[in-house]
Amino acid sequence: MSDSFFPQDIIIKKRDGGALSRAEIEFFARGVSDGRFADYQATALLMAIFWRGMTAQETAWLTDAMMRSGDVIDLRDVLGPKVDKHSTGGVGDKVSLILAPLAAACGLKVPMMSGRGLGHTGGTLDKLEAIPGFKVQLTVPEFRAILVQVGAAMIGQTPQVVPADRKLYALRDVTGTVECIPLICASIMSKKLAEGIDSLVLDVKFGRGAFMKRKEDALALARAMVDVGKAAGKPVRAQLTAMNQPLGRAAGHTTEVIESIECLRGRGPSDLMAVTYALTGQMLLLGGAARDLPEAQRKMEAAIASGDALEKFRQMCTAQGGDVRVVDDYGRLPTARKFLTVRAPAAATGFVREVDALKCGHAIMALGGGRAAVTDRVDHAVGISDLVKIGEPVTPGKVLCKLHVNDDERGARAEALIREAVVIAPQAPEPEPLLQELLS
Ligand code: URA
């Protein structure tokens with residue numbers, strides 16, 4: 001009988017290193033929403049979990065209980081394999097904007113619920129909102145209708161989906177309990193499993209610009225999420241990717257929308273396309289749209305070459321109220337007042353050794369394109385384009401990047417950060433593989 005618990009008993013049990021029962025975990029997940037678990041008790045338990053951890057079984061129960069704290073979208077009547085992708089986030093990570101229409105063009109249904117940017121990492125919803133008129137706050141029936149009609153829909157979480165996470169994340173954010181693998185796993189997976197998907201591909205990033213700085217932490221998170229998927233009966237694959245430099249050559253909102261459209265036209269930077277193909281390829285395998293990776297690769301390349309993937313992007317944009325003319329006229333996107341070209345100093349020769357993704361993310365924030373608090377507004381027009389990549393040769397005056405600037409003082413601060421981020425050395429560095437372990 002879950003109603004008979006006292007929060008303090010559950011806190012003490014976890015504080016002393018015990019494993020919680022399913023009923024205790026359900027009482028906690030329900031209690032944070034209905035008030036039987038006061039905020040101070042919930043934060044005490046979160047801190048106990050932070051220190052003591054959770055078993056794989058406890059994590060799976062917590063995920064399930066959080067998922068069932070609100071609406072679970074039922075997409076069983078939508079025909080076709082419903083496969084989504086989630087990334088733990090980074091700088092310049094615009095993969096979702098390319099992957100969703102690409103996967104839909106290859107025969108999948110992609111019901112994608114995304115988030116907003118916070119701190120140095122960007123958010124898919126903010127990027128989509130750079131497109132005039134694009135609506136990300138849709139009702140579930142609207143979401144479902146676009147999914148049926150187009151094959152891909154990209155929206156924000158509705159307030160009814162996983163309310164327990166909204167509450168718990170807000171508490172974790174201000175009590176030093178964010179960086180805890182079972183809590184991160186339950187937070188991400190409860191939201192993804194509530195979307196009504198059949199299977200899921202995860203992009204778990206590590207490095208300077210990622211949420212997880214250390215590869216071993218990213219691996220542990222990836223394992224925990226794959227295990228939770230298994231416990232829920234949903235196939236989940238996790239691809240580890242390096243995030244020491246920004247993905248692609250653009251970061252911001254307008255700049256990333258443009259780079260995404262360029263990818264869909266077949267003119268994308270190789271690192272961004274490599275991650276997009278790796279993740280979309282796994283989605284096609286999970287959804288049964290390809291038998292093996294070579295077939296998946298052929299299908300994806302054909303969808304780009306034929307223009308089918310770009311056509312899906314146009315359809316999704318139109319269905320969600322966006323001005324589709326931006327696809328052929330980038331001038332219709334929010335545009336900054338001026339460009340500031342950052343060049344290598346006169347004495348610089350050698351190679352790019354580092355492009356610190358965290359500092360690039362801070363440069364975006366300095367320009368006004370980031371969010372320090374959830375309530376902040378972002379300037380969609382500002383950003384970075386034409387960014388150099390690690391390993392490129394440098395001669396004096398080489399363009400390191402272009403800053404899209406609306407305010408001179410902010411532009412100067414961003415330039416200083418870019419100059420710190422881009423390190424030039426006499427020798428080319430050892431290349432770091434972008435795509436690392438794949439867990440399934
Ligand atoms: N993203 C989430 O959705 N939840 C976390 O706990 C961390 C990152």
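The structure this text deals with has already been given above.
Residues numbered from 1 in each chain as written. Predicted model: local features only at pLDDT ≥ 70, side-chain atom pairs only at ≥ 80, totals over all residues. Heavy atoms only, no water.

Draft legend 1. Broad picture of the site of the ligand. Close contacts around the ligand come from Tyr-169, Arg-172, Ile-184, Ser-187, Ile-188, Lys-191 and Phe-211, and that covers them all. Contact distances for the ligand include 2.9 Å between an oxygen atom and a side-chain N or O atom of Arg-172. Taking a 2 Å distance to the grid points as the criterion, the majority of the atoms of the ligand fall inside the largest pocket. For the shell around the ligand, the secondary structure elements donating two or more residues are helix H8 (163-173) and helix H9 (181-193). Considering each element in turn, the shell around the ligand owes the most residues, 4 residues, to H9. (Near = heavy atom within 4 Å. Polar contact = N/O pair within 3.5 Å; in protein donor to acceptor, adjacent residues only side chain to side chain. 1 Å grid on protein atoms, 1.4 Å probe; cavity = no way out; pocket = protein on both sides within 12 Å on 5 of 7 lines; lining within 4 Å. Sits in = over half its atoms within 2 Å of the grid points. Helix = DSSP H or I, 4+ residues; strand = E, 2+ residues; numbered from the N terminus.)

Draft legend 2. Representation of empty space enclosed by the protein. Using the criterion set out here, one finds 2 cavities of 30 Å³ or more in the structure. Roughly 140 Å³ of volume is contained in the largest cavity. Every residue lining the largest cavity is counted, 22 residues in all, and those nearest its centre are His-120, Thr-121, Gly-122, Ile-364 and Gly-369. Breaking the lining of the largest cavity down by element, the ones donating at least two residues are helix H6 (124-128), strand S6 (251-252) and helix H15 (357-367). Top element by residues in the lining of the largest cavity is H15. It accounts for 3 residues. Residues of the lining of the largest cavity, tallied by class, amount to 6 nonpolar, 12 polar and 4 charged. (Points joined across faces, edges and corners; volume = space filled by probe spheres on them. Nonpolar A, V, L, I, M, F, W, Y, C, P; charged D, E, K, R; others polar.)

Draft legend 3. Here's a closer look at the pairing of strand S8 (residues 350-355). Relative to strand S10 (residues 393-394), S8 is paired through 2 bridges, and the arrangement is antiparallel. Pairing of Phe-351 across the sheet is with Pro-393, part of S10. Bridging between S8 and strand S12 (residues 422-425) involves 4 bridges; their strand directions are antiparallel. Within the sheet, the bridge partner assigned to Val-355 lies in S12 and is Val-422. (Pairing = 2+ DSSP bridges.)

Draft legend 4. The arrangement of the sheet that holds strand S7 (residues 338-343) in detail. With antiparallel pairing, the 4 strands of this open sheet are ordered in space as S6-S9-S11-S7. Since the sheet does not close on itself, it has two edges, and those belong to S6 and S7, each with one partner. Pairing between S6 and strand S9 (residues 383-385): 2 bridges, direction antiparallel. Bridge assignment links Gly-252 to a residue of S9, and that residue is Gly-383. On the sheet, helix H16 (residues 408-421) packs against S7, S9 and strand S11 (399-405) and is oriented at approximately 155° with respect to S11. (Contact = heavy atoms within 4.5 Å. Axes fitted to C-alpha atoms, helices over the stretch in contact; angles between N-to-C directions.)

Draft legend 5. Main features of the layout of surface pockets. Reported here for the largest pocket is a volume of approximately 1700 Å³. Lining of the largest pocket is provided by 48 residues; of these, Gly-115, Arg-116, Leu-118, Tyr-169 and Lys-191 occupy positions nearest its centre. Along the lines of polarity and charge, the residues of the lining of the largest pocket split into 16 nonpolar, 20 polar and 12 charged. Of the residues that make up the lining of the largest pocket, three or more belong to each of domain 2 (83-327) and domain 3 (335-425). Computed from the structure, the second largest pocket encloses a volume of approximately 450 Å³. Residue lining of the second largest pocket: 22 residues in total, with Gln-245, Lys-389, Ile-390, Pro-431 and Glu-432 positioned closest to the centre. Of all elements in the fold, only helix H12 (270-286) and S8 reach the threshold of two or more residues within the lining of the second largest pocket. (Domains from an automatic or database assignment.)

Draft legend 6. The arrangement of the side chain of Ser-190 in detail. Structurally, Ser-190 can be placed in helix H9. Overall, the relative accessible area of 0% leaves Ser-190 in the buried class. For Ser-190, the contacting residues outside a window of four places in its chain are Thr-63, Met-66, Met-67, Val-162 and Cys-185. (Buried < 20%, exposed > 50% of the residue type's maximum accessible area, 1.4 Å probe, protein only.)

Draft legend 7. Region of the structure containing the pattern of salt bridges. In this structure the tally under the stated criterion is 40 salt bridges. In this structure, Lys-13 and Glu-24 form a salt bridge, with 2.9 Å as the shortest nitrogen-oxygen distance. Of this pair, Lys-13 sits in helix H1 (residues 7-15) while Glu-24 is found in helix H2 (residues 22-34), placing the two residues 11 residues apart along the sequence. Of the charged contacts in the structure, one is a salt bridge between Asp-198 and Lys-82, with a shortest N-O distance of 3.9 Å. Taken together, the residues Asp-198 in the loop between H9 and strand S4 (199-206) and Lys-82 in the loop between helix H4 (56-67) and strand S1 (83-87) connect sequence positions 116 residues apart. The network of salt bridges with common partners includes Glu-262, Arg-265, Arg-267, Glu-311, Arg-314 and Asp-328. (Salt bridge = Lys/Arg side-chain N within 4 Å of Asp/Glu carboxyl O.)

Draft legend 8. How the structure looks around helix H5 (residues 95-105). When you tally the buried positions in H5, you get 10 out of 11 residues, the bulk of the element. For H5, the complete set of buried residues consists of Val-95, Ser-96, Leu-97, Ile-98, Leu-99, Ala-100, Pro-101, Leu-102, Ala-103 and Ala-104. Following H5 by one or two positions, Gly-107 adopts a phi angle in the positive range, close to 105°.

No statement about biological role is implied by the geometric values presented.
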